[in-house]
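Spelled out from the first residue to the last, the chains are:
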Amino acid sequence: MPDLALPLAAWYRDNARDLPWRRAGFGAWGTLVSEFMLQQTPVSRVVPLLEAWLARWPTPGALATAAPADAVRQWANLGYPRRALWLHRAAVEIRDRHSGVVPRDVDDLLALTGIGDYTARAVAVFAYGDRHPVVDTNTRRVIARAVQGRSQPGPAAKRDLVDMAALLPDDVAESAVVNAAAMELGAVVCTARSPRCEVCPLADRCAWRAAGYPDTGDTRTKQARYEGSDRQARGAVLKVLRAATTHDLAADEVIGDWADPTQRDRAIDSLIADGLVEAIDGRLRLPR
Ligand code: SF4
């Protein structure tokens with residue numbers, strides 16, 4: 001495997017975007033919250049809401065004492081609102097099991113609600129500076145192309161972890177930089193639709209480029225249309241309930257004019273099943 005770490009790290013030092021979670025002293029709690037938010041939402045939408053969130057709840061303990069409804073309200077329009085509930089639960093677990101300090105150990109992080117392989121490693125590496133491979137969608141694309149010679153990542157995410165681990169330098173601090181660099185390169189240069197190979201620091205050692213950019217297939221699952229989807233109906237229900245800060249609402253007051261009543265009922269039922277909405281005597285509210 002060609003040495004990609006050196007050019008990646010050098011490029012990152014000159015080109016990394018100035019983002020809140022990359023600033024010195026941002027802290028493990030800030031890193032954890034940012035990683036929850038970034039799981040499904042673009043950076044530009046996350047930054048203002050992240051800052052508001054951390055201003056309101058600067059520690060896990062502060063969030064743990066809030067009502068889950070406040071977390072769902074503060075989540076606003078970031079999408080996939082179950083993340084707000086999970087983050088609240090994780091804050092309670094951090095307070096109760098770890099004395100209010102975000103754990104450093106990957107297994108301890110994995111045991112928290114809502115934290116998977118990526119987020120656990122991201123916190124251990126970016127907040128605590130430890131040496132683990134961190135592989136997100138952008139990193140997977142860079143590895144697929146530069147290392148594996150594929151046009152898009154394959155389904156085997158475990159292989160990507162192994163390939164990323166092989167790229168990391170022994171130096172612990174430098175390994176964190178290379179992890180961040182691979183993610184950044186995938187986000188701003190080696191993008192899914194139009195990779196900018198002319199400015200890429202890996203251009204002279206990229207396997208896919210050397211092979212003449214073969215189309216090796218695309219196994220990624222396509223994002224379903226939002227317009228007309230159950231997700232849209234769920235978002236509309238939550239928007240109404242977020243705005244109702246003083247009283248519960250009768251079920252028919254919640255998007256009662258939705259064009260597809262069956263879809264509306266399905267959306268409400270699924271939100272109740274997810275714990276995002278409570279139904280008390282036929283009235284609806286955010287979880288208390
Ligand atoms: S050379 Fe092009 S395809 Fe290869 S890693 Fe760089 S941007 Fe991606």
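Residues numbered from 1 in each chain as written. Predicted model: local features only at pLDDT ≥ 70, side-chain atom pairs only at ≥ 80, totals over all residues. Heavy atoms only, no water.

Overview of the overall build of the chain
Convention followed: The secondary structure listing takes helices from DSSP runs of H or I that are at least 4 residues long and strands from runs of E that are at least 2 residues long, numbered from the N terminus. The globule rule used for comparison is 2.2 Å times the number of residues to the exponent 0.38, while the radius of gyration itself is calculated over C-alpha atoms. Buried means the residue's accessible area, taken with a 1.4 Å probe over protein chains only, is under 20% of the maximum for its type, while exposed means over 50%, and partly exposed covers the values in between. The contact definition used throughout considers only heavy atoms, calling two residues in contact when any of these lie within 4.5 Å. Accessible surface area values rest on a Shrake-Rupley calculation with a 1.4 Å probe, where residue burial reflects the displayed protein chains alone. Only four residue types enter the charge count, namely Lys and Arg as positive and Asp and Glu as negative; His and the chain termini do not. Where a charge lies is defined by one atom per residue type, namely NZ (Lys), CZ (Arg), CG (Asp) and CD (Glu).
From N to C terminus, the chain includes 14 helices and three strands. Taking 288 residues into account, the globule formula puts the C-alpha radius of gyration at 19 Å, and the chain, at 21 Å, falls close to it. Each of the three principal axes of the chain carries a C-alpha extent, and together these read 65 × 45 × 30 Å. The buried share of the chain, taken over its 288 residues, is 48%. Considering only contacts within the chain whose residues lie at least 6 apart along the sequence, 64% involve residues at least 24 apart. Surface summary for the chain: the accessible area is close to 13,900 Å², and the carbon and sulfur share equals 52%. Taking the average place of the 37 positive charges on the side chains of the chain and the average place of its 36 negative ones, the gap between the two points comes to 3 Å.

Some words on the domain arrangement of the chain
As a reminder, the rule being used: By convention here, the domain bounds are inherited from an automatic or database domain assignment. Salt bridge, as used here: a side-chain nitrogen of Lys or Arg that lies within 4 Å of a carboxyl oxygen of Asp or Glu. Only Asp, Glu, Lys and Arg are considered charged in this grouping, and only Ala, Val, Leu, Ile, Met, Phe, Trp, Tyr, Cys and Pro are considered nonpolar; every other residue, Gly among them, is considered polar.
On domain assignment, one finds that the chain holds domain 1 (1-221) and domain 2 (230-285). Computed from C-alpha atoms alone, the centre-to-centre distance between domain 1 and domain 2 is 32 Å. Listed as interface residues are nine residues of domain 1 and, on the opposing side, ten residues of domain 2. Applying the counting criterion to the domain 1 and domain 2 interface returns one salt bridge. Taking the shortest distance from any N to any O, the salt bridge between Asp274 and Arg82 comes out at 3.5 Å. Counting residues per element, the ones that place at least two in the side of domain 1 that touches domain 2 are α5 (68-75) and α6 (82-97). With three residues, α6 is the single largest residue contributor to the side of domain 1 that touches domain 2. Classifying every residue of the side of domain 1 that touches domain 2 by side-chain character gives five nonpolar, one polar and three charged.

A few points about the site of the ligand
Put simply, the test is: Nearness here has a simple test: a residue counts as near a molecule or strand if at least one of its heavy atoms is within 4 Å of that partner.
In the neighbourhood of the ligand, the contacting residues comprise Arg145, Val189, Cys190, Pro195, Cys197, Cys200, Ala203, Cys206, Trp208 and Arg209. Looking at side-chain class alone, the shell around the ligand contains eight nonpolar, no polar and two charged residues.

Points about the pattern of salt bridges
For the structure on display, the rule yields 20 salt bridges. Residue Asp130 is joined to Arg104 by a salt bridge in which the shortest nitrogen-to-oxygen separation is 2.6 Å. Taken as a pair, Asp130 in the loop between α8 (117-127) and α9 (137-147) and Arg104 in the loop between α6 and α7 (106-110) lie far apart in primary sequence, 26 residues in all. Using a relative accessible area of 17% as the deciding quantity, one classes Asp130 as buried. On the basis of relative accessibility, which here comes to 43%, the residue Arg104 falls in the partly exposed class.

Here we look at the packing of α9 against helix α10 (residues 157-167)
Formally: Under this scheme, a helix contributes an axis fitted over its contacting stretch, all axes are lines through C-alpha atoms, and angles between N-to-C directions fall in the 0 to 180 degree range. To sort the angles, those under 35 degrees are grouped as roughly parallel, those over 145 as roughly antiparallel, those from 65 to 115 as roughly perpendicular, and the leftovers as oblique.
Running from N to C, α9 and α10 cross one another at 75°; their axes reach a closest spacing of 10 Å. Here α9 lies roughly perpendicular to α10, going by the angle between them. Across the interface between the two elements, Thr139, Arg140, Ile143 and Val147 from α9 touch Ala157, Asp160, Asp163 and Met164 from α10. Partitioned by chemical class, the residues of the contact of α9 with α10 number four nonpolar, one polar and three charged.

Notes on the nonpolar core
Here is the rule we go by: Nonpolar core, defined: a set of buried Ala, Val, Leu, Ile, Met, Phe, Trp, Tyr and Cys residues in which side-chain atoms within 4.5 Å join the residues together.
In terms of nonpolar packing, the biggest core is built from 53 residues, with Trp29 and Trp53 touching the most fellow members. In terms of domain composition, this core takes at least three residues from each of domain 1 (1-221) and domain 2 (230-285). Residues in contact with Trp53, not counting those within four places in the same chain, are Trp29, Val33, Met37, Leu63, Ala71, Gln74, Trp75 and Leu87. Counting 27 residues, the second largest nonpolar core, distinct from the first, contains Ala5, Tyr12, Leu161 and Leu167.

Focus on the packing of helix α2 (residues 28-38) against α8
Condition: By convention, the crossing between two helices is left-handed when the near helix turns anticlockwise from the far helix through less than a right angle, and right-handed when the turn is clockwise.
Closest axis-to-axis distance for the α2/α8 pair is 9 Å, and the angle between their directions is 145°. As α2 packs across α8, the resulting crossing turns out to be right-handed. Residue-level contacts link Ala28, Thr31, Leu32 and Glu35 of α2 to Tyr118, Thr119, Ala122, Val123, Phe126 and Ala127 of α8. A class-by-class count of the residues in the contact of α2 with α8 yields seven nonpolar, two polar and one charged.

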